[in-house]
Every structure is written in structure tokens, then in C-alpha cells.
Amino acid sequence: MRFRPLGVFAVFYLAFLYAPILLLPIFAFNDGTVIAFPLRGFTFGWFAQLGEIPALHSATLNSLIIASSTAVLSTCLGLFAARAATRYRFPLKGGIMGFIMLPLVLPEVIVAISLLVVLMQLGLNTSVFTIILGHTLLCMPFAIAILQGSFSGLDQSLEEAAMDLGETRSGAFRLVILPLVVPGIIASLLICFIISLDEFIIAFFLSGNEPTLPVYLWGLMRFPAQLPVVMALGTVLVGLSIVLLLVANWFRKRGLRKAGQEDTGGFL
Amino acid sequence: MSGPLISLRDVNKYYGEYHALRGITAEIGAGEFFSLLGPSGCGKTTLLRAIAGFEDISGGTITLSGKDMKGVPPNKRPTNMVFQSYAIFPHLSVEQNVGFGLRKSGMSPSEKTKAIGAALEMVGLGQYGKRAAHALSGGQRQRVALARALILKPKVLLLDEPLSALDRKMREDMQVELMKLQREVGITFILVTHDQEEALVMSDRIAVMFEGEIAQLADPEVLYRKPATKRVADFIGVMNFLPARAGDGLEVAGLGRVDMEGVYCPQGDVSGACSVGLRPETLSLLYDGETARARETEGVIDEVVYYGDMTYYDVRLEGLEEPVRLSMRNMVGRDVMTVGQTARVAWDPRAMVVFPG
Amino acid sequence: MAQGLSRDARLGLITVSPALVFAVLLLAVPLFTIVLFSFWTQNFLEIDRTFTLANYAEALTDPLYRALMMRSLRIAASVTAVTVVLAFPIAYYISFHVRPEKKALWLFLITIPFWTSYLIRIFLWRVILAYDGPVNGTLVELGIIDEPLSFILYNANSVIITLAHAFAPFAILPIFVSLEKIDRSFLEAAKDLGEGTAMTFLRVTLPLAMPGVLAAVLIVFIPTVGDYVTPRLVGGSGGTMIANMIYVQIFDLSNRPMGATLAVVAMATVTITLAWAILHVRFWVYLSDRVGGGLPGLALVGVAAAIDIGVLWWLWHYGPALFGSAGSLGIMAAIMGGGAILIALLLPKGRWGI
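Owing to the predicted nature of the structure, the values given are computational and were not obtained by experimental measurement.

Draft legend 1. Layout of the interface of chain A and chain B. Contact with chain A, which involves 21 residues of that partner, is made by 22 residues of chain B. The largest per-residue losses of area from chain A upon contact with chain B belong to Glu160, Asp164 and Leu165 of chain A, which jointly make up 35% of the total buried on that side. Between chain A and chain B we count three salt bridges in total. Note that Lys104 of chain B is salt-bridged to Glu167 of chain A, the shortest N-O span being 3.7 Å.

Draft legend 2. Region of interest: the domain arrangement of chain B. All names here are of chain B. By domain assignment, chain B separates into domain 1 (6-230) and domain 2 (238-356). Summarising the inter-unit geometry, the C-alpha centres of domain 1 and domain 2 are found 39 Å apart. Taken together, both faces of the contact between domain 1 and domain 2 bury some 760 Å²; the carbon and sulfur share is 59%. Considering only the surface of domain 1 that becomes buried against domain 2, Tyr224, Pro227 and Lys230 emerge as the three largest contributors, covering 66% of it. Linking domain 1 with domain 2 are two residue pairs in polar contact (both at pLDDT 80 or more).

Draft legend 3. Spatial organisation of the nonpolar core. Of all hydrophobic cores here, the largest spans 226 residues; its most connected members are Phe205 of chain A, Ile190 of chain B together with Val229 of chain C. With 15 residues, helix 3 (residues 63-97) of chain C is the single largest residue contributor to this core. The residues touching Val229 of chain C, leaving out its near neighbours within four places in the chain, are Phe200, Ile201 and Trp218 of chain A together with Tyr118, Leu119 and Ile122 of chain C. Counting residues in hydrophobic clusters, the runner-up holds 33 residues, among them Ala133, Val144, Ala149 and Met202 of chain B.

Draft legend 4. Here's a closer look at the interface of chain A and chain C. Every contact between the two is made by 84 residues of chain A and, on the other side, 76 residues of chain C. Buried surface at the junction of chain A and chain C, summed over both partners, amounts to about 7,500 Å²; 84% is from carbon and sulfur atoms. On the surface where chain A and chain C come into contact, there are four residue pairs in polar contact (both at pLDDT 80 or more). No other element matches the 15 residues that helix 1 (residues 5-28) of chain A contributes to the side of chain A that touches chain C.

Draft legend 5. Broad picture of the packing of helix 2 (residues 54-61) of chain C against helix 3 of chain C. All names here are of chain C. It is the contact of helix 2 with helix 3, at a shortest axis distance of 5 Å, that shows an interaxial angle of 65°. Compared by their axis directions, helix 2 and helix 3 come out roughly perpendicular. Within the contact between the two elements, helix 2 uses Glu58, Ala59, Leu60 and Thr61 and helix 3 uses Pro63, Tyr65 and Arg66. Looking at side-chain class alone, the contact of helix 2 with helix 3 contains four nonpolar, one polar and two charged residues.

Draft legend 6. Summary view of the sheet that holds strand 8 (residues 188-193) of chain B. Residues and elements named next belong to chain B. Taken in spatial order, the six strands line up as 6-7-8-3-9-10 in an open sheet, and their pairing is mixed. A strand with exactly one partner marks an edge of an open sheet, and here the two such strands are strand 6 (79-82) and strand 10 (213-218). Adjacent strand axes in the sheet meet at a mean angle of 20° when their direction is disregarded. Pairing of strand 7 (residues 156-160) with strand 8 involves five bridges; the strand directions are parallel. Paired with Asp160 across the bridge in strand 8 is Val192.

Draft legend 7. The arrangement of the side chain of Thr70 of chain A in detail. With respect to the element layout, Thr70 of chain A can be found in helix 3 (residues 54-87). On the accessibility criterion, Thr70 of chain A (0% relative accessible area) is buried.

Draft legend 8. The arrangement of the packing of aromatic side chains in detail. Taken as a whole and assessed by the stated rule, the structure comprises 39 aromatic pairs over all chains. Each ring, one from Phe37 of chain C and one from Trp40 of chain C, has its centre 5.3 Å from the other, and the planes form 50°; the classification is tilted. With a relative accessible area of 0%, Phe37 of chain C lands in the buried category. Residue classification places Trp40 of chain C among the buried positions, given a relative accessible area of 14%. One cation-aromatic arrangement involves Arg148 of chain B over Phe89 of chain B; the distance from NZ or CZ to the ring centre is 4.7 Å. Over the face of the ring belonging to Phe96 of chain C we find Arg184 of chain C, whose NZ or CZ atom lies 4.0 Å from the ring centre.

Draft legend 9. Layout of helix 5 (residues 118-129) of chain C. Residues and elements named next belong to chain C. Counted at 1.5 Å a residue, the expected span for helix 5 with its twelve residues is 16 Å, and the 17 Å between its end C-alpha atoms agrees. For helix 5, a buried count of eleven out of twelve residues is recorded, marking the element as mostly surrounded by other parts of the structure. Those residues of helix 5 lying buried are Tyr118, Leu119, Ile120, Arg121, Ile122, Phe123, Leu124, Trp125, Val127, Ile128 and Leu129.

About the cut-offs
Residues numbered from 1 in each chain as written. Chains lettered and ligands numbered in written order. Predicted model: local features only at pLDDT ≥ 70, side-chain atom pairs only at ≥ 80, totals over all residues. Heavy atoms only, no water. Contact = heavy atoms within 4.5 Å. Buried area = accessible area lost by both parts, 1.4 Å probe. Salt bridge = Lys/Arg side-chain N within 4 Å of Asp/Glu carboxyl O. Domains from an automatic or database assignment. Polar contact = N/O pair within 3.5 Å; in protein donor to acceptor, adjacent residues only side chain to side chain. Core = buried A, V, L, I, M, F, W, Y, C linked by side-chain atoms within 4.5 Å. Buried < 20%, exposed > 50% of the residue type's maximum accessible area, 1.4 Å probe, protein only. Helix = DSSP H or I, 4+ residues; strand = E, 2+ residues; numbered from the N terminus. Axes fitted to C-alpha atoms, helices over the stretch in contact; angles between N-to-C directions. Parallel < 35°, antiparallel > 145°, perpendicular 65-115°, else oblique. Nonpolar A, V, L, I, M, F, W, Y, C, P; charged D, E, K, R; others polar. Pairing = 2+ DSSP bridges. Phe/Tyr/Trp six-rings, centres within 6.5 Å; stacked < 30°, edge-to-face > 60°. Lys NZ or Arg CZ within 6 Å of the ring centre and 35° of its normal. Expected span 1.5 Å × (residues − 1).

Written out as C-alpha cells, the structure is:
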């Protein structure tokens, strides 16, 4: 095997990428209140503590409600937008799609404060509902990107063939298009769920007195004594994200296989 | 039933400002193998899709068995289509693909199975029913697409460039198979193609289209021997165009003077500058001892292209800038001539087609 | 109008409308509102709706805001540079050296950290870089240093490291995509025409990958300018950025108009800076092409860039004394914006896709 500087660099780079989330469980299971080496010993104690904080439970509930609603809402909106983008030509298409995808690059702070200012101006209270709206805005571009992948892989004549063979427009969508994009829909739901679950800025600005998990975590971070608990909670969140991500990726690949396409790798 | 199966009357189609179909009028009979032939962008696919119901037409009428098709959606028309990409549903098996259109047919499951089996048998895929659709080769996909369309017993089968995705050998085999299949089922086939050879081989009649208009509608032989315009002549096969001047007789550059009697003028009498079309096979090289049946001229061989069964020669004639191309069948005892050789070229005024301009 | 649209266009607009209406209500309207707010003022709890430019005057002249804005740009630029420079070899490695069937796996590996909680990843960097954290602890333990390093936490450097980590996949993916699009026979053709590996890379691969690099620059630069969490967690006082000030204005000082103004200024600054930068790249490529590229091209671009940047640098530092704060900013905006518009109008789109 030849020595490959690029390969070595790639391995180091991966190590750099994974360093934080690999350290996380190490300290979460470390039997010491100080987050530093050397390690003290193994404990489940910090995880056990998670079960004893009522505020954490309500934050978890908020997060789950927000993440599921966001996932459903942004995937529904994304379905329409992705379908329009791949199937039809309409005036100002580039501008409209670009505008809808804008939250992908806009600094979240800008999105968050502009929403906040409007809500305040309308005299509305920030709540779980307002976070759902904000998160949907943020997740929609991701949903569109994923669903566009599923839609654009479809030959347009598939739908025409179904209609040619006696199906109506809706029948063609139901019998041909939908089965082929279902894996994409599931992947989109999961990804939006993950993003919403982990999102901090918008939740922080719009949560009022109904914190989500990350907002609650942010509060904990100020107290050095709570750091091991932060680590434990972080481990749970990161673990959950990775599991959901693996499931989403499995569905995405299955969708590609079903449509007889090559895997071009990754979301986005 | 009397009258044509399909009649197109002054069919027009606009895409915004773009005039895609310009007053197409044609009649297609029952059981006919009809081709729409033309370069890409000539409107042939648009016309096919208009017949299938995928495109609304902007003006004119399309009638099918005497019924105006205006506003009739594709799923209600007695036509079925084989798509260029074949559009085989990738999530279904071969059987499910072929049986797709039977959902609303009211057949019992056993009847369906029988019909699917018969359709697959007809296209030579009897053993492939359980296969996943995405595991098929190009030729097999096409057969599935055919079976899927024919199982619904349409009055018209529409084929959108069905052979363009196949390699040459497979294409030639499929041409023959499609012709056999058409005779077997006895329904009208409308084929869209840009391949003139394919159209000539398969069709009863061909409509040659340029820029949204039918330039000529005729059977293959007429199309080949008596092209209506220079453009049709140029599009179908190979044709030499020799500058000429018509007046009292026809003065053809490189060949000399011929009588106007006997030459074919598809666009009416010509006078002044014109061009004379001659197919390569109407010219021949004369070997020692042979004499021309009509006329002969001397020339120098400029290029020899050997095809095995045939040889193409480019021959320079005096008074002509471009060499003329002629084709000779290769035979035992007849050597292929070489570049630079002087040769006698036999030609016949009766093979000439004269176009104005 | 509606009749003039084809059926396709109508169906398309109808289908896209739910998402579009949602984005208009939750993005366009709010953005418009903060622009509106930026022209108002606030006295304690009352919003004064008389139109005024006072907020802008303050935002553009107050040394604190100016310093924060400048620092945000500087940090974002550094993050972008670091991220893209580190990302390119990885994207190149995956595109050119990883076997095709393994590419999807590599991309997936690279994107996994991105899908985990941003907050937690940033927080972990604070832990890693801390005075008594694993990096310092290990270095001291190994005897490489006597005292824990202090320059890696609570300053701009730590912000840069952390953000470079957070935005890595954003930079890798677009570069990878543009590398994948390069027809491999181009490279063979270059070698066939007598170029070595290095020159093939410089003359073929790199120019063809530039659209991806530029996409990466945009996608990293814009969000990092407005990052809030990283400066708060690892920035200390020396690493505070504009987003933190926006938060302070809105929540701690309850001065929504000022917060809105800073947000608008931040967006405008980012837009002008990027337009200036991108269009100048177009200009420089054009200049270099005019003299036939190579070393003369490089030298010419170097001189042009030095003049361009030098003028702006001089204005930033010495302009306020001569033209007043607002005046010098106005001149800078005119030079940057005007130059960008001139280039956009006069020079055709270059071969880098910009």
C-alpha cells in the first residue's frame, strides 16, 4: 500500500469532525463532577439524574410536540413545493424557489428576531406554537431538498404512462408517484424531526416560558455543577439524532433502490 | 366501419409565441403502420402526444373513429403509448406493469392472469413475469412496454421513438418484430422517428415533417423516388444535387443537355436556375465492354468507400465543383476501382428529380 | 394575466403556493417588518413611528457597533478561509481517491456530526479547549507545555476553530459536487497534452471546481457572520459578534428598533461584501486572462487586489478623520457597490460560473 498524504489527512479530518461527539459519552459516563482528564470511573449516575428533573420532562414533551408537528408541517409544504419544482415550469420559478430555500443560508438570528419582532408587534405570546412555525420555516428547505431528490429521479413519462393506461391524474399520483416517493417522505419527516429537536436559536428567541430541550440545556450550561448532567442529556440527544439519521438514510437508499437509481450519497 | 380511423384537420399548436404545429391535416386508416418522420424539433412528438391526449391543441380537430377528441383525457382515449423511455414502473414487477391498465377492466383475477400471460407470450417474455422491472435490459423493457399497451386492445398504438435507446443490431431485430406484431394484432401503429431508414423499412405510409408542417405524406417508395421538395429529398437517403438551368431543355452541370420530357418535376414546371437530384444507385460505373443504357459521361474517381456488399464512389465530373456520389453492388469478377482512375459514369434522365432554385 | 399562463404554469404556481405563502408570511413579512422598525425609535416601552435615520447613524458611527461588525466580518472571513481550505482536500480525496461504491459512505460519515445538536457540539468545544480541558491537560501531562495554553479559549481564535468545525460539511458538499461533475477525460486529455499532475490540477481541476468553492464560500460566510451561540459559549469578551449585540438590544435593553437596525446593517454589509468580493473575483480572472494567465496574470491580479483592498483599508482606518464616520462609510459603500455594479454590467460572466 502506497503512503497517501491525502488519505492520512482525511482520517485526521474525520477525527477532528468527530472529536466533540466522541468525547461526549466519555464524560457522560465519567464518575466525576469536573469535565477533565484523567477520568475517574464509570457511572450511570448522571443519566439516572435526568429522570428526576421535572422541568426536563416538560421541556422534553415540548420538544417532541414541536419536532413532530414541524416534521409533518414542513414535509407537507415541502411535498407541494418539491412537486412544483420538479414537475412544472412556471414564471419566476427560480426566484420563488430561491426565496423558499433562503432560510438555508440566512443567519438564524435574523430569522429569529424578525419573527420575534412581528409576534411582539401583533401582541402574540411566544409559545410552543410559535416555535413550530419558526422551525417549519427552517426545515422546509431541507424537506424540499430531500423530496426534490425523490421527485427528480422520476421519469415524467411514468405519470403519463399511468394516465395513458386508464388512470386519472389523481390515480396516477396515488399508484405510481406516491409509492416511489414514500421513502423520501419518511426521510424528510425524520430529518425535519432531527433538525427541530436540535434547533436552538429560534427556540431560544421564541420559546417564552415553554423551553425546548436545547433551551433547557442552555440554561443548565451556566451551572458548572450541572455539567455532567448536560453531558448525559447531550449524549441522549446526539444518540437519538444519529439513530434517526441512520433510519432516514436507510429509507432514502431504499427509495433509490426502488426507483432503480444509483446512490449519489448523502442528503442535500 | 367506413372512413379513416384518425383524421387530423388543420391541427395547430402554440407554445406561447412558438408555433409548434402548423395546420396539420392527415388521415390515418385502420390497421395502418403510419410514421411521423422528421428532425428533432419538427413537431412529430408533439403531434403524437396530441393524439394521445397529453397536449391540448390550440386549433383544429383530432377525430378518432369519427369522435372528436377535444377535451377527452388520455385515460379515456382508445390509444395507448409506448414511451421513448418506456416508462416501466420501477416499483412493480413485470406482471404488475403489464396488468397495470386492467385495474378498472372488471376482469376476474384469473382472467387478468391469463391476459397478462398471453400479452407477455406475444412479446416473447413468457418467463419474465415475476422479474422486478428495474432488473430488465433495454430490449426487455421495450417488450414490457409493448405488452402493457397492447393488453388493453387499443385501436391505435402510439410509439415515441421506441427504438432509439437500443443498439444497432437490436434495433434492426426489433424493427422486424414490430412489423410482425402489427400484422398480428391488426391495429393502427403510429410511429415517431427521426431515423429515415427505420421509417422506410417499417411503414405503410410516412409523413415527413419540418417545422411543424407535413412536407410530404406518401408511401416509402414514392417518398424515396419522388420526393416533393429538395429538403425531403435531402432528408430521406442520399441524393446528389447538380446545378442546372431549365429553358428549352435542361442544361445539367457536368452531365450535359437533356430533354425536359421524362424528368420528374414535383413542384411543377421549372425555368431558369434549378437543381437536379440523382440518387447514388441511379448512377453506375461502366467497366470495360459495358455500355450505358441511356447516357454516359467521363469522370475521375475522387474517393472510394468500401462497405463490403456495396462500394460508394465519389466521382469528379468536368464542370461540377462537388463530386457526385454513386453506389455499386460488389460482384464476383468486378474489381473495386481505385482513387485517381478515370471512369465512365452511366446515368439516366428518367431518374432525375428537378427542383426549382 | 391568468389567461396568458399555460396550464403547466398555472398548476405549477398553484402547487408551489402553500410553501410560498408560508414563506412570505413567516419570512418576507418579518424581514420587511424589521426593515420598518429600523426607521423607528423606542422611548422606554413606546415605539415612536416617525421616520428617522437616527438608528442607522448610530449603528454606523458608534465605535462599539463598528468594531463588532468588523470583527464579525473578520471572523466569518477567517472561518470561511479555514473551512474551505480544509474542506477542499477532503472533497478532492472523496471524489478522486475513494472508490465509487464507498463515496456515499464517506459523505454520510462527514454529514453525521452536522445532524447532531449544534448547541452541544459548540459546548463540547468549550470543554475541549478549556483551561483544564483535554487539550491542555494532555499537553501538560506529556510535558510539552508547562502551563495550560490560554490563547485557545474565550477569544476570536476559539470562535474560528469551533465554527470551522460546525460548517465543515457545508463546505465539503458543494466542492465535492463540482469535482464530481468534472469529466475525468478532461484530466486525461490534459496529461495527454503534456501537463504533469500538478499543472493538470492547477489548470484543469481547480478552475472547474471553482463554482463549488464559491458556493461553499457563500454557504459558510453568510450564516457565520450572524452566529450567536459560538461567540457566547467560546468567544469570551474578545469574541463577541454582532448577533450577540442584536440579542442584547432586543432582550436586555428592550430596544427593538436598534436591534432591527443592526440586523439590517448586518445583512446589508454581508450582501455588499459578498457582491464586491465575487464580482472582483470575476474582474481578477478577466484581468489575468487578458495577459494570458500564468505568472504575469498572477502578478497583475496581486497588484489589482492590493490596490482594491488597500483603498478600502485606508478608508476604514483614516476615512473617519477626513470625511466623518458616515462619510467614509458612504464612500466605501459607493466604491464597493458601484464597483460591483460596474463589473456586473461591463464584464461577461467568467468561466468560473460567476
